[in-house]
Amino acid sequence: MITLIQIAMVLLNLVWWIVVVQIILSLLIAFNVINTYNDFIRSLYQGLDRLTAPMYRPIRRILPDFGQIDFSPAVVLIGLQILELVLGNVAASIQTGAPL
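Note that the structure is predicted; figures quoted are calculated from it, not measured. (Residues numbered from 1 in each chain as written. Predicted model: local features only at pLDDT ≥ 70, side-chain atom pairs only at ≥ 80, totals over all residues. Heavy atoms only, no water.)

**Q** Teacher, can you tell me more about the environment of Gln 95 here?
**A** Mapped onto the fold, Gln 95 is located in helix α3 (residues 72-96). Assessed through its relative accessible area of 60%, Gln 95 is described here as exposed. In this structure, the C-alpha to C-alpha distance between Gln 95 and Val 19, residues 76 residues apart in sequence, is 31 Å. (Helix = DSSP H or I, 4+ residues; strand = E, 2+ residues; numbered from the N terminus. Buried < 20%, exposed > 50% of the residue type's maximum accessible area, 1.4 Å probe, protein only.)

**Q** I tried to follow α3 on my own but got confused; where do I start?
**A** For an α-helix the count is 3.6 residues per turn, leaving residues at separations of three or four pointing the same way. In this model α3 runs 36 Å from its N-terminal to its C-terminal C-alpha over 25 residues, within 8% of the 36 Å that 1.5 Å per residue would give. When we look at burial in α3, the residues that qualify are Ser 72, Pro 73, Val 76, Leu 77, Leu 80, Leu 87, Ala 91 and Ser 93. Tucked inside the fold, the buried residues of α3 contact α1 (2-30) and α2 (39-62). Gly 97 lies just past α3 and shows a positive phi near 80°. (Expected span 1.5 Å × (residues − 1). Contact = heavy atoms within 4.5 Å.)

**Q** Got a minute to help me understand the side chain of Ser 72 in this structure?
**A** Within the fold, Ser 72 resides in helix α3. Exposure remark for Ser 72: the relative accessible area of 0% places this residue in the buried category. For Ser 72, the residues in contact, after removing those within four places along its chain, are Tyr 56, Ile 59, Arg 60 and Leu 63.

**Q** So what exactly am I meant to see when it comes to the nonpolar core here?
**A** Within soluble globular proteins, side chains that are nonpolar tend to cluster in buried spots. Grouped together as the largest cluster of nonpolar side chains are 12 residues: Ile 2, Ile 5, Leu 12, Val 19, Val 20, Tyr 56, Ile 59, Val 76, Leu 77, Leu 80, Leu 87 and Ala 91. For this core, the secondary-structure elements that each account for two or more residues are α1, α2 and α3. In this structure, Tyr 56 is in contact with Val 19, Gln 22, Ser 72, Pro 73 and Val 76, ignoring residues within four places of it in sequence. (Core = buried A, V, L, I, M, F, W, Y, C linked by side-chain atoms within 4.5 Å.)

Structure follows, in structure tokens:
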């Protein structure tokens, strides 16, 4: 059981990094530091967008429109941290035998 929780925590950490890289890449593109004329950048951005869009879509439906600012990645990062905290507490209680 602990191993499954550890695997889930590694996957949550991976998703966290994917979201962070996508945020940084989109900021660099928005401020025209890098452009999407480069095939590698365009394919990387499209791939990250395809990975993160299913997480952002339900949050974007709930959040009000803030114009050009998209807060859905921040909400996803906060949710991932909360989920990682809960999984860590579950793993600790399983190891010690203490009730949740």
